[in-house]
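A structural walkthrough
These are the residues of each chain, in order.
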Amino acid sequence: AMMGFSSMLVEINQGRLNAQSTDYLQRIHVGAQRMTSLIDDLLELARISRAVVSSTDFDFSALALEAATPLFRLYPAQRVELNVAPGMRAHGDPGLVRVLLDNLLANAWKFSRHVAHARIAVGHQTGATGTVYFVRDNGAGFDMKYVNKLFEPFQRLHGQHEFEGTGIGLSIVQRIVSRHDGSIWADGVVGQGATIFFTLHGAASPMATSA
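All values reported here derive from a predicted model rather than from experimental measurement.

**Here we look at helix H4 (residues 94–111)**
With 18 residues, H4 ought to run about 26 Å at 1.5 Å a step, and its terminal C-alpha atoms sit 25 Å apart, in line with that. When H4 is considered as a whole, its buried residues turn out to be Leu96, Val97, Val99, Leu100, Leu101, Leu104, Leu105, Asn107, Ala108, Trp109 and Lys110. For H4, the side-chain oxygen to backbone nitrogen distance between the N-cap and Gly95 is 3.0 Å, and the N-cap itself is Asp93.

**Section: the sheet that holds strand E6 (residues 184–189)**
A sheet is described by the order of its strands in space; here five strands give the open sequence E2-E4-E5-E7-E6, paired in mixed fashion. Edge positions in the sheet fall to strand E2 (80–84) and E6, since each has one partner strand and no second. Mean inter-strand twist for the sheet, computed between neighbouring axes without regard to direction, equals 15°. Here strand E4 (residues 118–127) pairs with strand E5 (residues 130–137) via eight bridges, running antiparallel. Looking across to E5, one finds that His124 is bridged to Tyr133.

**Focus on a nonpolar patch on the surface**
Judged by side-chain polarity, Met35, Ile39 and Leu43 come together as a nonpolar surface patch covering roughly 300 Å² of accessible area. In this fold, Ile39 is placed in helix H2 (residues 19–50).

**Remarks on the packing of helix H3 (residues 60–74) against H4**
Two elements in contact, H3 and H4, have axes whose closest approach is 9 Å; the angle formed by their N-to-C orientations is 45°. Considered as vectors, H3 and H4 are oriented oblique to each other. Like other packed secondary-structure pairs, H3 and H4 cross with a definite hand, here right-handed. Residues Phe60, Leu63, Ala64, Glu66, Ala67, Ala68, Pro70, Leu71 and Phe72 of H3 lie in contact with H4, whose contacting residues are Pro94, Val97, Arg98, Leu101, Asp102, Leu105, Ala106 and Trp109. For the contact of H3 with H4, a count of residues per class yields 14 nonpolar, no polar and three charged.

**As for the pattern of salt bridges**
Here the structure, examined in full by the defined rule, presents three salt bridges. Arg27 serves as the salt-bridge partner of Asp23, at 2.8 Å between the closest nitrogen and oxygen. Placement of both Asp23 and Arg27 in helix H2 is noted, with a separation of four residues, approximately one turn of the helix. Assessed through its relative accessible area of 30%, Asp23 is described here as partly exposed. Accessibility expressed as a relative area gives 58% for Arg27, which makes it exposed. One salt bridge connects Glu66 with Arg98, and the closest N-O pair in it is separated by 2.5 Å.

**Regarding the packing of H4 against helix H5 (residues 169–179)**
Viewed as axis vectors pointing N to C, H4 and H5 meet at an angle of 145°, and their least axial separation amounts to 9 Å. When the axes of H4 and H5 are compared, the crossing they make is left-handed. Within the contact between the two elements, H4 uses Leu96, Val97, Val99, Leu100, Asn103, Leu104 and Asn107 and H5 uses Gly169, Leu170, Ile172, Val173, Ile176 and Val177. Class assignment for the residues of the contact of H4 with H5 results in 10 nonpolar, three polar and no charged.

**Some details on the side chain of Asp93**
Structurally, Asp93 is set in the loop between strand E3 (89–92) and H4. Excluding its chain neighbours within four sequence positions, the residues that come into contact with Asp93 are Val52, Val53, Ser54, Ser55 and His180.

**Section: the nonpolar core**
One finds Phe60, Leu100, Leu101, Leu104, Leu105, Val122 and Phe198 to be the most contacted residues of the largest nonpolar core, which totals 44 residues. At the level of elements, H3, E2, H4, E4, E5, H5, E6 and strand E7 (193–198) are the ones that each hand at least two residues to this core. Element by element, the count of residues in this core is highest for H4, at nine residues. When residues no more than four places from it in sequence are discounted, the contact partners of Leu100 are Val173, Ile176, Val177 and Phe198.

**Re the packing of aromatic side chains**
Across all of its chains, the model carries six aromatic pairs by this definition. Residues Phe60 and Phe198 carry aromatic rings whose centres are separated by 6.3 Å and whose planes lie at 45° to one another, so their mutual orientation is tilted. One end of the pair, Phe60, is in helix H3; the other, Phe198, is in strand E7, with 138 residues separating them in the sequence. As far as burial versus exposure is concerned, Phe60 and Phe198 are alike and both buried. On the basis of an interplanar angle of 90° and a centroid distance of 5.0 Å, the ring pair of Phe72 and Trp109 is categorised as edge-to-face. Of this pair, Phe72 sits in helix H3 while Trp109 sits in helix H4, and the two are 37 residues apart along the sequence. For Phe72, a relative accessible area of 36% translates into the label partly exposed. Overall, Trp109 belongs to the buried group, its relative accessible area being 1%. Following the ring pairs from residue to residue traces out a cluster consisting of Phe60, Tyr133 and Phe198.

Conventions adopted
Residues numbered from 1 in each chain as written. Predicted model: local features only at pLDDT ≥ 70, side-chain atom pairs only at ≥ 80, totals over all residues. Heavy atoms only, no water. Helix = DSSP H or I, 4+ residues; strand = E, 2+ residues; numbered from the N terminus. Expected span 1.5 Å × (residues − 1). Buried < 20%, exposed > 50% of the residue type's maximum accessible area, 1.4 Å probe, protein only. Polar contact = N/O pair within 3.5 Å; in protein donor to acceptor, adjacent residues only side chain to side chain. Pairing = 2+ DSSP bridges. Axes fitted to C-alpha atoms, helices over the stretch in contact; angles between N-to-C directions. Patch = residues over 30% accessible without salt bridge, like charges linked within 9 Å, V, L, I, M, F, W, Y side chains within 5 Å. Areas by Shrake-Rupley, 256 points an atom, 1.4 Å probe, with all protein chains shown as cover. Salt bridge = Lys/Arg side-chain N within 4 Å of Asp/Glu carboxyl O. Parallel < 35°, antiparallel > 145°, perpendicular 65-115°, else oblique. Left-handed = near helix turned anticlockwise from the far one by under 90°. Contact = heavy atoms within 4.5 Å. Nonpolar A, V, L, I, M, F, W, Y, C, P; charged D, E, K, R; others polar. Core = buried A, V, L, I, M, F, W, Y, C linked by side-chain atoms within 4.5 Å. Phe/Tyr/Trp six-rings, centres within 6.5 Å; stacked < 30°, edge-to-face > 60°.

Dropping the structure here:
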């Protein structure tokens, strides 16, 4: 309602509102858009917390490429070199892992926006407890002294004027990893990029991870 009526006020009063009034109405419209995005993300976080996890073996490389394809179409002017390691397999819920990859790759695209030649990699390595997957970019990065805030809801390490967002995306990613009884952590350097690492060890029960 706020978005619709503020737009209508601007339209029907075109040429009659002073610059300050127009600015106020535009601020209402933008604020309502942000609230809509925030509500959508919170609903997604709640849905994931309660979703039944159905684990199976799947092609992780193919899923990553599938998640990246819409981003090339959505941001055609952005020069991105994507490198997805071939032959990666995983065990988990493909639907939830697709949501995880959607969020991580969208973040990588977003935070690499100001890099002349963005490089994004999806790969894996062997860790102490098995396969560790990662999504890496050479974008804005972050200060490691704030790394503990990275996966908390509403904790943004960049201002809204720098990069848009609700501060929920990485919380959704963390919740999906938790639903798979996995671990997640990050590494970053300001101005040099960031890497999100995570493991998938199967499926945890909804009740154990809904808090």
